[in-house]
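Breakdown of the fold
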Amino acid sequence: MRDTITLGLKLAFITAISALVLGFTNQITAPKILEAEIKTNQEARLAVLPNAENFESVDVVDNENIIEVYVGKSGDSISGYTIKSKSNGFGGKLEILTGISSDGEITGMKVLKHTETPGLGANAEKDSFQSKFVGKNSTDKVQINKLEPQKDSEVQAITGATITSKAVALAVNESLNYFEENLK
């Protein structure tokens, strides 16, 4: 019995030391991780709204699928907006950043986070898929078509990843709806 108590105390001591080391490491790395995330988000905003020179945060009007909204400005004039939205894909949550010009046209779209299947749904990160959303208008819902698109509002699905493709379109449509209802 005494050996069991001694072993338990040793394990508790090792666990406590490990927790302290992990906590200390987290305190050191957290600011750097936050700084890297801010830089990544700024670069993504510039990628989806290339005409903007700077961005200002805008308060999000009650919407559970919209994460953040930024107004992009070039000098004193508004170039457009970047809207980060979320939806559920095949493998879990997706975060999508959509750039929308002041006249309601998609200027860019970027998949920021996902847990989709490598080689299938993860292909949503590829520019060859993301660029298909550019030029779509906020007044039309983006639709996913398994075949070659027949209308201007359609985007061809990623082969083998229709659920992911539809989830991306849903997030983009959330951003377009938010733009139409709150920013136009």
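Please refer to the structure higher up on the page.
Residues numbered from 1 in each chain as written. Predicted model: local features only at pLDDT ≥ 70, side-chain atom pairs only at ≥ 80, totals over all residues. Heavy atoms only, no water.

On to the overall build of the protein chain, then. Helix and strand counts for the protein chain come out as three helices and seven strands. Each helix and strand of the protein chain, ordered N terminal to C terminal, gives the series α-β-β-β-β-β-α-β-β-α. Compactness check: the protein chain gives a C-alpha radius of gyration of 22 Å against a globular reference of 16 Å for 184 residues, more than 25% above the reference. Projected onto its principal axes, the C-alpha coordinates of the protein chain cover approximately 75 × 45 × 30 Å. (Helix = DSSP H or I, 4+ residues; strand = E, 2+ residues; numbered from the N terminus. Rg over C-alpha atoms; globule rule 2.2 N^0.38 Å.)

Grouped together as the largest cluster of nonpolar side chains are 29 residues, with contacts concentrated most on Ile83, Phe133, Val168 and Val172. Breaking this core down by element, the ones donating at least two residues are strand 2 (66-74), strand 3 (77-88), strand 4 (93-101), strand 5 (106-113) and helix 3 (162-183). Sorting elements by how many residues they give to this core places helix 3 first, with nine residues. The residues touching Ile83, leaving out its near neighbours within four places in the chain, are Ile66, Glu68, Val69, Ile96, Leu97, Thr98, Ile100, Ser175, Tyr178, Phe179 and Leu183. (Core = buried A, V, L, I, M, F, W, Y, C linked by side-chain atoms within 4.5 Å. Buried < 20%, exposed > 50% of the residue type's maximum accessible area, 1.4 Å probe, protein only. Contact = heavy atoms within 4.5 Å.)

Below, the discussion takes up the packing of aromatic side chains. A full pass over the atoms with the stated rule returns two aromatic pairs. Sitting over the face of the ring of Phe55, Arg45 holds its NZ or CZ atom 5.9 Å from the ring centroid. Stacked on the ring of Tyr70, the Lys or Arg Arg45 has its end atom at 3.9 Å from the ring centre. (Phe/Tyr/Trp six-rings, centres within 6.5 Å; stacked < 30°, edge-to-face > 60°. Lys NZ or Arg CZ within 6 Å of the ring centre and 35° of its normal.)

Turning to the environment of Thr98, a few remarks are in order. As for its placement among the helices and strands, Thr98 is situated in strand 4. Counting along the chain gives 29 residues from Thr98 to Asp127, while the straight-line C-alpha distance between them is 14 Å.

A few words now on helix 1 (residues 2-48). Along an α-helix, a turn takes 3.6 residues, which lines up residues three or four apart on a common side. In a regular helix each residue adds 1.5 Å, so 47 residues correspond to 69 Å; helix 1 covers 65 Å between its end C-alpha atoms and thus fits that length. Residue Thr29 marks the point of greatest curvature in helix 1, where the axis turns by about 40 degrees; the proline Pro31 follows within four residues. Turning to helix 1, its buried residues number three or more, namely Asn41, Ala44, Arg45 and Val48. Those residues of helix 1 that are buried are in contact with strand 1 (54-58), strand 2, strand 3, strand 4 and strand 5. (Expected span 1.5 Å × (residues − 1). Bend = angle between axes of the 7 residues up to and from the residue.)

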